[in-house]
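# Structural overview
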Amino acid sequence: MSNLEALKKEIVETVKAAGDIQSLEEVRVTALGKKGRVTDLMKTLGTLSPDERKEMGQALNRLKDEISAEIDARASILKAAAMNARLASEKIDVTLTPRPENKGSIHPISQTIEEMITIFADMGFSVAEGPEIEDDFHNFTALNFPPEHPARQMHDTFYLPDVAGKTGDAAKRLLRTHTSTVQVHVMQTQKPPIRVIIPGRTFRSDYDMTHTPMFHQMEGLLIDKAAHMGHLKGCLIEFCKRFFEVDDLPTRFRPSFFPFTEPSAEMDIGCSREKGELKIGAGSSWLEILGCGMVHPNVLKNCGIDPDEYQGFAFGMGIERVAMLKYGIPDLRTFFESDLRWLKHYGFGPLEQPNKALG
Ligand code: PHE
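Residues numbered from 1 in each chain as written. Predicted model: local features only at pLDDT ≥ 70, side-chain atom pairs only at ≥ 80, totals over all residues. Heavy atoms only, no water.

## Section: the overall build of the protein chain
Across its full length, the protein chain carries 12 helices and 11 strands. For 359 residues, the compact-globule formula gives about 21 Å, and the C-alpha radius of gyration of the protein chain, at 39 Å, lies well above that figure. Taking the principal axes of the C-alpha coordinates as reference, the protein chain spans close to 120 × 55 × 35 Å. Residue burial in the protein chain is summarised as follows: out of 359 residues, 40% are buried. Put simply, 64% of the contacts in the protein chain that link residues at least 6 apart link residues at least 24 apart. When the accessible area of the protein chain is evaluated, it comes to approximately 20,400 Å², of which 54% is carbon and sulfur surface. Measuring between centres, the 43 positive side-chain charges of the protein chain sit 5 Å from its 51 negative side-chain charges. (Helix = DSSP H or I, 4+ residues; strand = E, 2+ residues; numbered from the N terminus. Rg over C-alpha atoms; globule rule 2.2 N^0.38 Å. Buried < 20%, exposed > 50% of the residue type's maximum accessible area, 1.4 Å probe, protein only. Contact = heavy atoms within 4.5 Å. Areas by Shrake-Rupley, 256 points an atom, 1.4 Å probe, with all protein chains shown as cover. Lys, Arg positive; Asp, Glu negative; His and termini not counted. Charge placed at Lys NZ, Arg CZ, Asp CG, Glu CD.)

## A look at the site of the ligand
Close to the ligand lie 14 residues; His178, Ser180, Arg204, Gln217 and Glu219 are nearest. Taking Ser180, its side chain carries an N or O atom lying 2.9 Å from a nitrogen atom of the ligand. A distance of 2.9 Å separates an oxygen atom of the ligand from a polar side-chain atom of Arg204. When residues of the shell around the ligand are traced back to their parent elements, those giving at least two are α8 (180-189), β6 (214-224), β10 (285-295) and β11 (311-318). The element that contributes the greatest number of residues to the shell around the ligand is β11, accounting for 3 residues. Looking at the shell around the ligand residue by residue, the classes come out as 5 nonpolar, 7 polar and 2 charged. (Near = heavy atom within 4 Å. Polar contact = N/O pair within 3.5 Å; in protein donor to acceptor, adjacent residues only side chain to side chain. Nonpolar A, V, L, I, M, F, W, Y, C, P; charged D, E, K, R; others polar.)

## Some remarks on the environment of Asn144
Relative to the helices and strands, Asn144 resides in the loop between α6 (136-139) and α7 (150-154). With 44 residues separating them in the primary sequence, Asn144 and Gln188 have C-alpha atoms 15 Å apart. Asn144 has contacts with Pro259, Phe260, His296, Asn298, Val299 and Asn302, leaving out every residue within four places of it along the chain. Separated by 2.9 Å, the side chain of Asn144 and the backbone oxygen of Pro259 make a polar contact.

## Looking at the packing of aromatic side chains
Evaluation of the coordinates by the stated rule reveals 12 aromatic pairs. For the pair Phe120 and Phe125, a centre-to-centre distance of 5.5 Å together with 70° between the ring planes defines the contact as edge-to-face. Note on Phe125: relative accessible area 7%, which makes it buried. Where Tyr327 meets Phe348, the ring centres are 5.0 Å apart and the plane angle is 70°; that geometry is what we call edge-to-face. Here Tyr327, found in helix α11 (residues 319-327), pairs with Phe348, found in the segment after α12 (340-346); they are 21 residues apart in sequence, far enough to count as distant. In this structure an aromatic cluster arises from ring pairing among Phe120, Phe125, Phe239, Phe243, Phe244 and Phe315. Over the ring of Tyr207 we find Arg333, and its NZ or CZ is 5.6 Å from the ring centre. (Phe/Tyr/Trp six-rings, centres within 6.5 Å; stacked < 30°, edge-to-face > 60°. Lys NZ or Arg CZ within 6 Å of the ring centre and 35° of its normal.)

## Quick look at the pairing of β10
Put simply, side chains in a regular strand alternate between the two faces of the sheet. By the criterion of burial, β10 is predominantly enclosed, with 9 of the 11 residues buried. Pairing analysis gives 9 bridges linking strand β8 (residues 261-274) to β10, with the strands arranged antiparallel. Along β10, the bridge assignment pairs Cys271 with Ser285. Both β10 and β11 contribute to a ladder of 4 bridges, which runs antiparallel. (Pairing = 2+ DSSP bridges.)

## Thoughts on the sheet that holds strand β4 (residues 173-175)
One open sheet accounts for 3 strands, arranged β2-β4-β3; its pairing is antiparallel. Where the open sheet ends on each side, the last strands, each with one partner, are β2 (133-135) and β3 (159-160). Alignment of β2 against β4, held across 3 bridges, turns out to be antiparallel. Across the sheet, Ile133 pairs through a bridge with Leu175, a residue of β4.

## Concerning the side chain of Ser180
Mapping Ser180 onto the fold places it in helix α8. Setting aside anything within four residues of it in sequence, one finds Ser180 in contact with Leu143, Glu219 and Phe260.

## Notes on the nonpolar core
Ranked by internal contacts, the top residues of the largest apolar core, which has 44 residues, are Phe120, Phe239, Phe244 and Met317. When contributions to this core are tallied by element, the ones reaching two or more residues are α5 (108-122), β6, α9 (229-244), β8, β10, β11, α11 and α12. In terms of residue count, the dominant contributor to this core is α9 (7 residues). Apart from the residues within four sequence positions on either side, Phe239 is in contact with Met116, Ile119, Phe120, Met123 and Met317. (Core = buried A, V, L, I, M, F, W, Y, C linked by side-chain atoms within 4.5 Å.)

## Looking at the pattern of salt bridges
By the definition in use, this model includes 19 salt bridges. Note that Glu245 and Lys326 form a salt bridge whose closest N and O atoms lie 3.3 Å from each other. With a gap of 81 residues between them, Glu245 in the loop between α9 and β7 (251-258) and Lys326 in helix α11 connect regions that are remote in the sequence. What makes Glu245 partly exposed here is its relative accessible area of 39%. For Lys326, a relative accessible area of 18% corresponds to the buried category. With a shortest N-O distance of 2.8 Å, Arg252 and Asp268 are connected by a salt bridge. Placement of the pair is Arg252 in strand β7 and Asp268 in strand β8, with a sequence separation of 16 residues. (Salt bridge = Lys/Arg side-chain N within 4 Å of Asp/Glu carboxyl O.)

What follows is the structure in structure tokens.
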């Protein structure tokens, strides 16, 4: 074996033995660097005869190329190995098997909304929706709240920063304090007869056992030429009997006040409280469950409907409140804590009937 071949063999062995990119680089410097072994040999070419120099020069260049190729090949193996090691150490298994003990369930709010929609759909109502960020007009003015009226403060409204370039009420943006805002949107865009229910999130700055800053309401609106208080009562009594699954459910309507209805009422359902247990149905107590009334002529006018031709009724109820009563959930705040034990206890299976009484 010639000297060059022996040298090549020796260097290639050190290349193959290099365990990482760093030691491979050291091998390269020792062989091909400025003071490397092949480079040293190149420097001796000047001492040779022209013929020998040509032959030796070519041989050394070949040697250099071969060693470079070996180093490149080794480098790509080492880089791939380093990448694989990194991928293995940083691996996240997104396919983690579901834990059967934590399987999902339908939240009581979703379940209750489904149940309510099912009952009202049977009475010919369809579902409407509207924005959660509103202007002063839809939340208050169109609904006949006079300017500076204390009822505006009563709603504990969350205001957003004023809209640039506008002043006064026109600049105000807020989180809707009730779903009655959507009554306005519906009346502005649909021709009577109107028969809609409106489930949705509402927001008020309040927090205790029975108040959370975000809660849900179910609004109802019916507009036609002949609707009267009797229709309102019949509709709501029928709804409550079916929703609470109590055929002889006592109900009563008490006079109340809302700027957007006249007359206005609050509806109570009967209940009993024995040994600390609340039961919906005939008993000696009453529970308030909703607000309602005949749509105020001013509201119809504000929404472009002629109050001499049309009239109707509206109602609004807290969805958490009726869900708490129906399913015996004591604290409103727990609805939004995402506690798996709570969800497992109060949640519903995906194939459960929206309302057993309807099944
Ligand atoms: N918007 C009223 C509230 O939030 C409820 C209501 C709706 C009352 C429709 C009457 C008619 O308290």
